[in-house]
Amino acid sequence: MPAAPYARSGAPPVSTGRRVRNGAWWGLCAAGFGLVAVPVVWVIAYVVTKAAASWSWSIFTKPVGATYQGLLNTIEGTFLMMVGVALIAGVIGIGTGIWLSEVAKPGALRSILRGASEVLSGIPSIVLGYVGYLALVVNLHWGYSLLPALITLSFLVVPYIAKATELALSQVPLAYREGGEALGMRRTHVLGRIVLRSAIPGISTGLILALAISVGETAPLLYTAGFTSGYWDGAFLGPAATSQMPYLTYATWTFYQVPTTQFKNALPLSFDAALLLMVLVLGLILLARLVVRLTQKYSPERATGISRAALRAAKANRLGSARAAPQA
Amino acid sequence: MSTPDTAPPRPTPAPATSDGSVYLRGNGRALDWATRLLALLPFAALAAILVVLFYEALPAIRFNGFGFLVNRVWSVGSTYGGVSKAGGVLHPFGAKYGAWPIIAGTLETALIAMVVGLPLALGAAVILVEKMPPQLASVAGLVLEVLAGVPSVVIGLWGLLTFGPWMARNIYPAVHAIPIPFLHNQPVGTGEGLLTAGLVLAAMIVPIVAATTRDLLRSVPVATKEGALALGMTDSEAFWSVQARWVRTGVVGAAVLGLGRALGETIAVALCTGSVLQIAQSIFSTTGTIASTVVSQLDSSQSDPTGLAVKSLAEAALVLFLITLLVNVVARMIVRRSARGAALPVGAGF
Amino acid sequence: MHKTPHGGNAAQRVPANRNTRRLGVAGLAILAGSVTTAAVLAPLAGATTGHAASRPSKSSKAKTSTKKKSTGSSLLKQDESKLTALEKGAPSGVTLSETGSTLFYPLFQEWQAVKPLGIAVSPTGTGSGTGQSSALNGTVNIGASDAYLPSTDPATLLNIPIVVSAQQINYNLPGFKPSFHLRLNATILNGIYTGKITNWDNSQIAKINKGTKLPNLAIVPLRRSDGSGDTFIFTSYIDYQAPGGGFVQPDMGGPNTSSTSFPSVPAEQAENGNSGMLSACEKIKGCIAYIGISYRREALASGLGDAALLNGYKKGPQYVVLDPSSIQAEVASYSKIPASGTLSLVDSKSAKGGYPIVNFEYAIVNENQSSSTTAAAIKAFLAWGADPRGGAQSKYLASIGFQPLAANALAVTLPLLQKIGG
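Residues numbered from 1 in each chain as written. Chains lettered and ligands numbered in written order. Predicted model: local features only at pLDDT ≥ 70, side-chain atom pairs only at ≥ 80, totals over all residues. Heavy atoms only, no water.

Peer 1: Any chance you could break down the pairing of strand E6 (residues 220-224) of chain C for me, citing the residues and the numbers?
Peer 2: All names here are of chain C. Counted residue by residue, E6 has 5 buried out of 5 residues, so it is predominantly covered. Sheet analysis places E6 next to strand E7 (residues 269-271), joined by 3 bridges and oriented parallel. By the bridge assignment, Arg-224 is partnered in E7 with Glu-271. (Buried < 20%, exposed > 50% of the residue type's maximum accessible area, 1.4 Å probe, protein only. Helix = DSSP H or I, 4+ residues; strand = E, 2+ residues; numbered from the N terminus. Pairing = 2+ DSSP bridges.)

Below, the structure is given as structure tokens:
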């Protein structure tokens, strides 16, 4: 912890009581963070040690099969669903975000649609899954298969993507749009070339984190995706048995309950799947950070063609005026 | 509905609304309509979910009446004992549905989560913004994001198999010495129950509250902080008189969002509460929430030939929906009233 | 002791099992005729280790296995050839989907591994209720269920007995050897689950366990938090045997898959799934739990004991230990299994040495399938599954403790299978 950046020379002396209170306050805050870090470390350590205890690389080469040999089919299923959600929820979520931020007139319709999206994010995932089951699996006779699972999962994360898009777009200064128009660009071009491009870090972060959420979901899939211990047959709709989708969270959720005297591999697979999920989620989070870092070259300044030197000068200038700020 | 005007591409000046809306109207009509259509989809999905749920729950609502909210017994009845009709609704003998235990369980677990999680989240956010050097803050931010990203089935399994039993052995015996009625000298059990579920939920809402608070604190103007320090305040005094006031309303909004998450969490709670349809006798005993009950009872409910069991679960889901709707509306009202920059914690994921 | 069907005046339908059960008790005369049928079992289940068909009329302590091929064996031959005929009808290249009972699921996995008759099956363990409703609305070909369908379900939905399962009553009492079996009965279990009996040294438990030093230890009753066929047969046992149906009639309105309306007892705990019951019981000294037989080895290995349960044998109730022969004795004692297959194998009261909590594992199948190929595949697969020469061999059943169908049950299964069409 660096000494407070705020110089205290010249300030009136501080009494011991105030010093103690000051120390206690920051101590409490630090303890708060410490306690928050505990479950993170504990969960990771728990999953890693449990998975490592009986780790076998064959989980990457074999499907679950009848005797719990591997996880390859569930990995495949989870990746497929991730791609599907990225497509479906991505299009709907980004479109919704664009509309909310760029197209819609402030008014009743916009606040209703925005509100609906937020309320949607508050619906418990099992309820979403059950409605998906009733409407898609049963009533439309789609059977347990990829498409109902994708649709259910997509609407679970659409609100997050929409919100991230809306926020990212609204943070692009109005001046950029006006600048683009002043140059005679069509508005769609302004949106595509300048506004959206400047918002890429925010949008992709939202999208990636939404994917992280979708990868970790169990409840919406239990009654829509079904499960098969073999490989997926490539069909988007059921009712063929092999059209059911295996996925990683199912393994974690159910395999630990299998009698271990009969299938001794089941319990380890439960933790292997948990570990893979954690790695996947962590990977997605790091990817989001990487995207932010890489796309900073598409930050508003760059997108509008300001030279790097000018940018550096501007930054230096800004830093100079706000030197005291610890979080510039 | 808007009226897409036919004006030529340029002349109309861009309306300078603060958030840049209305900006595209008048040209890019395809984009206008495409995005509008897409924006209608979440609304349509929500409406469809409500219609399906309500339609599904209607016979249960008629059968259960208002007693649903206050009665304590949830019994599918004798599914093998034949059926009879009451108020036009077919039901097995002995069927009665009272959701009060799971409504109470939902509120209690959420309350514990808030009482424990809120201070931790605020403390973490404050130390992260005010005292950590940028590199460390970046790592700390990663910790929060990872916590937000842990799949709920994984955190639930951890709570069930390790965290709960460990707490029951090492911490709860100390806790139950505290002379508070609900707590004092109660049997600590095996670590499955109200308190464990509340603590696990606390861990799950921390990232939501902390990320929002972090963003709010970062939006506090530096000059104001400097002013307080210049007056000779210690930096904690400055924090309480400047930053705390600046972010106050926004934090309330963030807390309510965390509450929404705590109310609706399903899998982790189903694993950690014991998911029984009972009012907890003490803070250590097993209980259930609405969401965990839906997941744990959905299977057996499907063997009720009259379908009333599943319909009553739908009714419970509807009650939960109304509770979360209320929480969301309150959150939106508070967040809207709060200072600009009270961003929803979407970037942090939850 | 046996109660009248509940509901009385308002009952529109009376559960089939109740009628049958009364028949079984009242129609003792028929029993003599059924003895031979039961005896036929022995050769049929030859592969089952330690199996002994019990003959209700004579003494039949295990070992007295009656390998008699008399009048009954023609029936068996006939059934065998019918099974073979169904199995021969297997089409090639079909994959069947299955979902339902988590107790039945491991067996489907064993079967899946060998791909019998060239039929692939893709099983999932979701739960019996899901198995029933998925078969009803056609999302799967086969639903698996521990409990038969309520009579109010559509008649086109068949519940076909495939194998026989049982339930153990486990307890965690330190110092008791696994070979020792504490005696328990429905009255005591009812007392425990209603909070009237709270300690292991209770006088009622001591009275039936003379010579056993019972610990002064609080009883922690465990029950399932999720819905379950295990809860159904457990509550059936209490309902049939405890005076007045114990807590089952007043609190639940009859045996039920859902334990949500169990009486509230301060010490009790609810657990998710058989594995949840097992792992909790391992941790809690003094616990008692009802757990499916698939978990028997695991339970014994982890130091839990399993109780000898009182059956209601009419010539003098007996405390019976769960083993293959006591399961078979119970199944064989049912003189008349309804053609619909709906029967609780809970305490027939006419099985000497019969273990009182036994149940069929059912395949729930819609009799109208989408195509004749699918129908043929389902018929062939399930016929193979129920066939003691096929999927019901001990090499598949042994690790989960299931038993093959007795001849009397197979005689019900066959016509049900033949009803499946497409």
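Peer 1: For the packing of helix H7 (residues 194-218) of chain B against helix H9 (residues 235-264) of chain B, give the residues involved together with the corresponding values.
Peer 2: All names here are of chain B. Orientation of H7 relative to H9, taken along the N-to-C sense of each, is 145°, at an axis distance of 8 Å. The element H7 and its partner H9 pack so that their crossing is right-handed. Counted together, Leu-201, Met-204, Ile-205, Ile-208, Val-209, Thr-212, Thr-213, Leu-216 and Leu-217 of H7 and Phe-239, Gln-243, Val-247, Gly-250, Val-251, Ala-254, Ala-255, Leu-257, Gly-258, Arg-261 and Ala-262 of H9 form the full contact between these two elements. Split into classes, the residues belonging to the contact of H7 with H9 amount to 14 nonpolar, 5 polar and 1 charged. (Axes fitted to C-alpha atoms, helices over the stretch in contact; angles between N-to-C directions. Left-handed = near helix turned anticlockwise from the far one by under 90°. Contact = heavy atoms within 4.5 Å. Nonpolar A, V, L, I, M, F, W, Y, C, P; charged D, E, K, R; others polar.)

Peer 1: Describe the interface of chain C and chain B, and please don't skip the residues or the numbers.
Peer 2: Contact with chain C, which involves 43 residues of that partner, is made by 29 residues of chain B. For the chain C and chain B pair, buried surface summed over both sides reaches about 2,900 Å², with 47% attributable to carbon and sulfur atoms. For the pair chain C and chain B, the interface holds 0 salt bridges. If you look at where chain C meets chain B, you find 7 residue pairs in polar contact (both at pLDDT 80 or more). (Buried area = accessible area lost by both parts, 1.4 Å probe. Salt bridge = Lys/Arg side-chain N within 4 Å of Asp/Glu carboxyl O. Polar contact = N/O pair within 3.5 Å; in protein donor to acceptor, adjacent residues only side chain to side chain.)

Peer 1: Summarise the pattern of salt bridges; cite the residues concerned and give the values.
Peer 2: This model, assessed by the stated rule, comprises 15 salt bridges over all chains. Residues Glu237(B) and Arg18(A) are paired through a salt bridge, measuring 2.7 Å at the closest nitrogen-oxygen approach. One end of the pair, Glu237(B), is in helix H9; the other, Arg18(A), is in helix H1 (residues 16-53), on a second chain. Accessibility expressed as a relative area gives 24% for Glu237(B), which makes it partly exposed.

Peer 1: An account of the side chain of Ser125(A) is needed here, citing residue identities and associated values.
Peer 2: Secondary-structure assignment places Ser125(A) in helix H4 (residues 125-139). Apart from residues no more than four positions distant in its own chain, Ser125(A) is found in contact with Leu156(A), Glu217(A), Ala219(A), Pro220(A) and Thr266(B).

Peer 1: Tell me what's going on with helix H2 (residues 72-103) of chain A, and back it up with residues and numbers.
Peer 2: Along its 32 residues, H2(A) runs 44 Å from first to last C-alpha, staying within 8% of the 46 Å computed at 1.5 Å per residue. Of all the bends in H2(A), the greatest measures close to 30° and is centred on Gly90(A). (Expected span 1.5 Å × (residues − 1). Bend = angle between axes of the 7 residues up to and from the residue.)

Peer 1: I'd like a rundown of the packing of helix H3 (residues 100-130) of chain B against H9(B), residues and numbers included.
Peer 2: Residue and element names in this part refer to chain B. The interhelical angle for the contact between H3 and H9, taken along N-to-C directions, is 140°, at an axis separation of 10 Å. The hand of the H3/H9 crossing is right-handed. Packed against H3, whose contacting residues are Thr-106, Leu-107, Ala-110, Ala-113, Met-114, Leu-118, Leu-122, Val-126 and Glu-130, the element H9 presents Phe-239, Gln-243, Val-251, Ala-255, Gly-258, Leu-259, Ala-262 and Leu-263 at the interface. Of the residues in the contact of H3 with H9, the class split is 13 nonpolar, 3 polar and 1 charged.

Peer 1: Please provide a residue-by-residue account of the sheet that holds strand E10 (residues 308-310) of chain C, values included.
Peer 2: Within a sheet, each strand pairs with its neighbour through backbone hydrogen bonds, oriented either parallel or antiparallel. All names here are of chain C. One open sheet accounts for 3 strands, arranged E5-E10-E11; its pairing is mixed. The open sheet is flanked by strand E5 (183-184) and strand E11 (319-320), the only strands paired with a single partner. One ladder, built from 2 bridges, connects E10 with E11; its direction is antiparallel. The partner of Leu-310 across the bridge, within E11, is Tyr-319.

Peer 1: Can you break down unusual backbone geometry residue by residue, with the values?
Peer 2: Excluding glycine, residues mostly have negative phi values, and the peptide bonds linking residues are mostly trans. Residues and elements named next belong to chain C. Despite not being glycine, Lys-115 shows a phi value in the positive range, around 45°. Residue position: Lys-115 is located in the loop between helix H4 (105-114) and strand E2 (120-125). With relative accessibility at 46%, the residue Lys-115 sits in the partly exposed group. The backbone phi angle of Asp-347 is positive, close to 50°, even though this residue is not glycine.

Peer 1: Before we move on, can you summarise the interface of chain A and chain B with the specific residues and values?
Peer 2: Listed as interface residues are 102 residues of chain A and, on the opposing side, 107 residues of chain B. Here chain A is connected to chain B by 7 residue pairs in polar contact (both at pLDDT 80 or more). Considering every element that reaches the side of chain A that touches chain B, the biggest residue donor is H1(A), with 19 residues. The residue inventory of the side of chain A that touches chain B, partitioned by class, reads 70 nonpolar, 18 polar and 14 charged.

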